[in-house]
Amino acid sequence: MAGTGGARPGICPTLLYADAKAAIRQLTEALGFTELSVYETADGTVLHAELVQGNGAVMIGSRGRGGVFDTALRDGGPAGVYVVVDDVDAHHERAVAHGVEILMPPTDQEYGSRDYLAPDGEGNVWSFGTYAPEIGV
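So, here is what we can say about the structure in this document. (Residues numbered from 1 in each chain as written. Predicted model: local features only at pLDDT ≥ 70, side-chain atom pairs only at ≥ 80, totals over all residues. Heavy atoms only, no water.)

Moving on, we come to helix H1 (residues 20-30). Buried residues of H1: Ala 20, Ala 23, Ile 24, Gln 26, Leu 27, Thr 28 and Ala 30, and no others. Among the residues trailing H1, Gly 32 stands out with phi positive, at a value near 80°. (Buried < 20%, exposed > 50% of the residue type's maximum accessible area, 1.4 Å probe, protein only. Helix = DSSP H or I, 4+ residues; strand = E, 2+ residues; numbered from the N terminus.)

Once that is clear, we can look at the sheet that holds strand S8 (residues 125-129). Taken in spatial order, the four strands of this open sheet run S5-S8-S7-S6, and their pairing is mixed. Because the sheet does not close on itself, it has two edges, and the strands there are strand S5 (80-84) and strand S6 (104-108). Sheet twist, expressed as the mean angle between neighbouring strand axes with direction ignored, is 20°. Pairing analysis gives three bridges linking S6 to strand S7 (residues 114-119), with the strands arranged antiparallel. Among the inter-strand pairings, Asp 108 is bridged to a residue of S7, identified as Arg 114. Helix H3 (residues 88-97) contacts S6, S7 and S8 of the sheet and is inclined by roughly 20° relative to S7. (Pairing = 2+ DSSP bridges. Axes fitted to C-alpha atoms, helices over the stretch in contact; angles between N-to-C directions. Contact = heavy atoms within 4.5 Å.)

Below, the discussion takes up the sheet that holds strand S3 (residues 46-53). Across a sheet, paired strands are connected by hydrogen bonds in the backbone, their directions being either parallel or antiparallel. On the basis of which strands lie adjacent, the open sheet formed by four strands has the order S1-S4-S3-S2 and mixed pairing. Strands with a single pairing partner mark the edges of an open sheet, and in this sheet they are strand S1 (14-17) and strand S2 (34-40). Within this sheet the neighbouring strands show an average axis-to-axis angle of 20°, counted without direction. In terms of strand pairing, S2 meets S3 through six bridges, oriented antiparallel. Along S3, the bridge assignment pairs Val 38 with Ala 49.

The tally for this structure, following the rule as stated, stands at four aromatic pairs. An angle of 85° between the planes, with centres 6.1 Å apart, marks the rings of Tyr 111 and Tyr 131 as edge-to-face. With Tyr 111 in the loop between S6 and S7 and Tyr 131 in the segment after S8, the pair connects residues that are 20 residues apart, well separated along the chain. For the ring pair Tyr 116 and Phe 128, a centre distance of 5.3 Å and an interplane angle of 25° mean the geometry is stacked. Here Tyr 116 is found in strand S7, whereas its partner Phe 128 is found in strand S8, with 12 residues between them in sequence. You can call Phe 128 buried: its relative accessible area is 0%. Connected via pairs of aromatic rings, a cluster forms that spans Phe 33, Tyr 116, Trp 126 and Phe 128. (Phe/Tyr/Trp six-rings, centres within 6.5 Å; stacked < 30°, edge-to-face > 60°.)

Okay, the pairing of S7 next. Linking S6 back to S7 in an antiparallel pair, the connection comprises five residues, with Gly 112 at a positive phi of about 100°. Taken together, the five bridges between S7 and S8 define a ladder with antiparallel strand orientation. Looking at the pairing, Leu 117 lines up with Ser 127 of S8.

What follows covers the layout of surface pockets. Size it by volume and the largest pocket reaches roughly 810 Å³. Looking at the largest pocket, it is lined by 26 residues, and the ones nearest its centre are Ile 11, Asn 55, Gly 56, Tyr 82 and Val 84. Among the elements of the structure, strand S4 (56-62) and S5 are those that each provide at least two residues to the lining of the largest pocket. Per-element accounting of the lining of the largest pocket gives the leading share, four residues, to S5. Here the lining of the largest pocket is composed, by residue class, of 18 nonpolar, five polar and three charged. (1 Å grid on protein atoms, 1.4 Å probe; cavity = no way out; pocket = protein on both sides within 12 Å on 5 of 7 lines; lining within 4 Å. Points joined across faces, edges and corners; volume = space filled by probe spheres on them. Nonpolar A, V, L, I, M, F, W, Y, C, P; charged D, E, K, R; others polar.)

Quick look at the structure:
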């Protein structure tokens, strides 16, 4: 999926990882995100990264780097993030080809979506599906 083309998403989930570089690799290579920016310290700690998928974005950082946000999330557990994709089956095939664990294969839902579930390397659960809420801004 391409980047946002100048649009600004209204909500950006933000996740901290023990190995943010590995998370970025998995999300871009296996799950189709595009790297927009990555800011690192001199020792390679990811301070802030932005990845895009369609017209949405997720922000990523390294756990344990210090600061208010890191402290606030120190005991945070895994999160669930839903991402709208056009072709769930092709997206799933890409994930499988990269060795991503699949929690639920592509499944038609009663509410009209087709989606699948996959965890990242640190336990966050990513849902990819065709349902997109109509928010009418």
